[in-house]
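# Working through the structure, step by step
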Amino acid sequence: MTEPLQTRPVLVVDFGAQYAQLIARRVREANVYSEVVPHTMSADEMLAKDPAAIVLSGGPSSVYEKGAPRLDPALLEAGVPTFGMCYGFQSMVQALGGTVERTGLREYGNTPATITDRESVLFNGQPGEQSVWMSHGDSATVAPEGMRVTATTAGAPVAAFEDDERKLYGVQWHPEVMHSTFGQRVLENFLLRGAGIAADWTASNVVDDQVALIKEQVGDARVLCALSGGVDSSVAAALVQRAVGDQLTCVFVDHGLLREGEAEQVEQDFVAATGVHLVVVDAKEQFLTALAGVSDPEEKRKIIGREFIRTFEQAARDVVGEGAAEGHPVEFLVQGTLYPDVVESGGGAGAANIKSHHNVGGLPEDLQFTLVEPLRALFKDEVRQVGRELGVPEPIVARQPFPGPGLGIRIIGEVTEERLDILRRADAIARHELTAAGLDGEIWQCPVVLLADVRSVGVQGDGRTYGHPIVLRPVSSEDAMTADWTRVPYEVLAQISTRITNEVAEVNRVVLDVTSKPPGTIEWE
Ligand code: XMP
């Protein structure tokens, strides 16, 4: 129940490259709603979605490759404005009767392109020479009949074409990557000028649509939500609250493994900003007791997961019991599932409706809920915009990804109250300084890790110290699947190091993790 009510999607047909999701994001950056669909979806099924436009993504290296996905010409005859990029462009050339050849003139990376028609829909008002990002072995050598060639490169005689009559457009390069200097302009020109779509897909429209959909789905039943303090569950809860108000009960299990100030942000600021009805379960003692004496990372994860489910389940039973007593049974559970999860699990946009009852997160059979997943159509940055629109406090909206097991897996060794306290203070300093240095946009997340079983000798004041090292692990990433260590300026690192060793007495060394992922993971455990 999550697709916007009236918005006609721009379909991004995924030809198997890693670029389809990025294209979908770029379309949305132009305030136009987009959905990724697999190339295996039939033309009929695609057209049944009443698309406002179609974008064909890049894909395998050659249209001649064995088993290379083909474009059904019927899709191009339906009158839907279509834009092909790279492989999508070549498949259009082929489907429309042009020629794609293996010329031996391979182009890869930054490539100068000459725009031969600067009045055209795609290139209007742009420079005649621009740098584009190429990745192709074959080239289009003869444009299909009726297509106007609007750009060329050294290796691609037909590098872009347009047919305003039929609303068909294409470029040999990848406009979605940053390296194509006018890439976003070209894409926007297609969407707004070529396809004539209104740029009105905004966070406030998303809120309106979702609120209506949630109301319709939930009726007067009661809804439950496990609030973690992270961006996704907070924004999902705020949306449901906006839609059905007091029918929603949020449960926050405080396991004592959050960072400094985070529990308060949930218990006070989030509640004050959204009016959510919140049940807080203080389970700090319970988690610490269960974790006593345990150092193995997987063992810790298991214990934390088990205790969480136990606690949430009990709280859920209480809320369900209350609901039943009032004659409004709890039937729905909010989940902060995001669009990349939907696409990656093969669900695509077509599987957006979950109607079946799910046994979520290991909850027992007798507690069954239907899922409410108001973020299923959104990317992370869009979730943040929606959160801001709903007035969710900025520290929560801007929060970096944080693992469910929390600081429990950032203490290398046994988790104790004292060690949590050391790590919390060091982490708060690192976060504060990175934010103050304006690095939040560049850093995907920065785990701060306490090597609790390691000690090293130091000297401070007049005396010898024997303290613990703290590891800083700032990483840059698009999706956490791969990551690189962030080149944080030396002065910022120096400031963090000085402050931590001065202000956290138990720590006498700060070290920087300079490992990418792979081979390292982002977290240390
Ligand atoms: P790794 O360490 O595998 O982390 O490179 C990838 C992303 O996942 C987060 N992470 C977790 N999240 N439970 C979670 O909810 C976990 O057990 C867990 N372990 C890692 C990590 O913070 C990063 O964003």
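All values reported here derive from a predicted model rather than from experimental measurement.

### A few points about helix α6 (residues 203-218)
- When the terminal C-alpha atoms of α6 are compared, their 22 Å separation across 16 residues agrees well with the 22 Å that a helix rising 1.5 Å per residue should span.
- Those residues of α6 not exposed but buried are A203, V206, V207, D209, Q210, V211, L213, I214, Q217 and V218.
- Close packing links the buried residues of α6 with β12 (222-226), α7 (231-244), β15 (330-334), β16 (370-372) and α12 (380-389).
- Looking one or two residues beyond α6, the residue adopting positive phi is G219, at roughly 60°.

### Brief notes about the site of the ligand
- Taken together, R301, P401, P403, G404, P405, Q445, A480, K517, T521, I522 and E523 form the complete shell of residues around the ligand.
- In the environment of the ligand, an oxygen atom lies 2.6 Å from a nitrogen or oxygen atom belonging to the side chain of R301.
- E523 is positioned with one of its side-chain polar atoms (N or O) 2.6 Å from an oxygen atom of the ligand.
- Within the complex, the protein chains bury 68% of what would otherwise be the 490 Å² of accessible surface of the ligand.

### Points about the pairing of strand β13 (residues 248-254)
- Summarising burial for β13: 7 of the 7 residues are buried, a large majority.
- Residues L248, C250, F252 and D254 point to one face of β13 and T249, V251 and V253 to the other, with burial holding for every one of them.
- In the sheet, β12 pairs with β13 via 4 bridges, with the strands oriented parallel. Paired with A226 across the strands is V251, a residue of β13.
- Sheet analysis places β13 next to strand β14 (residues 277-282), joined by 6 bridges and oriented parallel. From the neighbouring strand, D254 faces β14, where its bridge partner is D282.

### Focus: the nonpolar core
- By size, the foremost hydrophobic cluster in this structure holds 44 residues, and its most contacted members are L224, L434, I470 and I500.
- Counting residues per element, the ones that place at least two in this core are β13, α9 (284-291), α10 (297-326), β15, α14 (417-436), β18 (448-451), β20 (463-472) and α15 (490-503).
- Considering every element that reaches this core, the biggest residue donor is α14, with 7 residues.
- Not counting chain neighbours up to four residues away, the residues in contact with I470 comprise L423, A426, V448, V449, L450, I500, V507, R509, V510 and V511.

### Some details on the domain arrangement of the protein chain
- According to the domain assignment, the protein chain consists of domain 1 (10-194), domain 2 (203-397) and domain 3 (416-512).
- When each unit is reduced to the centre of its C-alpha atoms, the spacing between domain 2 and domain 3 is 30 Å.
- The interface of domain 2 with domain 3 comprises 7 residues on the first partner and 8 residues on the second.
- Between domain 2 and domain 3, a total of about 690 Å² is buried, with carbon and sulfur atoms accounting for 51% of that surface.
- Broken down residue by residue, the surface that domain 2 buries against domain 3 is led by R259, E260 and L288, which jointly contribute 66%.
- Taken together, domain 2 and domain 3 are joined by 0 salt bridges.
- In terms of residue class, the side of domain 2 that touches domain 3 is built from 3 nonpolar, 1 polar and 3 charged.

### Notes on the environment of H277
- Residue placement: H277 occurs in strand β14.
- Taking the relative accessible area as the measure of exposure, H277 reaches 38% and is therefore partly exposed.
- Sequence-wise, H277 and G194 are 83 residues apart; in three dimensions their C-alpha atoms are separated by 47 Å.
- What H277 contacts, discounting residues up to four positions off in sequence, is Q241, L248, T249 and C250.

Basis of the calculations
- Residues numbered from 1 in each chain as written.
- Predicted model: local features only at pLDDT ≥ 70, side-chain atom pairs only at ≥ 80, totals over all residues.
- Heavy atoms only, no water.
- Helix = DSSP H or I, 4+ residues; strand = E, 2+ residues; numbered from the N terminus.
- Expected span 1.5 Å × (residues − 1).
- Buried < 20%, exposed > 50% of the residue type's maximum accessible area, 1.4 Å probe, protein only.
- Contact = heavy atoms within 4.5 Å.
- Near = heavy atom within 4 Å.
- Polar contact = N/O pair within 3.5 Å; in protein donor to acceptor, adjacent residues only side chain to side chain.
- Areas by Shrake-Rupley, 256 points an atom, 1.4 Å probe, with all protein chains shown as cover.
- Pairing = 2+ DSSP bridges.
- Core = buried A, V, L, I, M, F, W, Y, C linked by side-chain atoms within 4.5 Å.
- Domains from an automatic or database assignment.
- Buried area = accessible area lost by both parts, 1.4 Å probe.
- Salt bridge = Lys/Arg side-chain N within 4 Å of Asp/Glu carboxyl O.
- Nonpolar A, V, L, I, M, F, W, Y, C, P; charged D, E, K, R; others polar.

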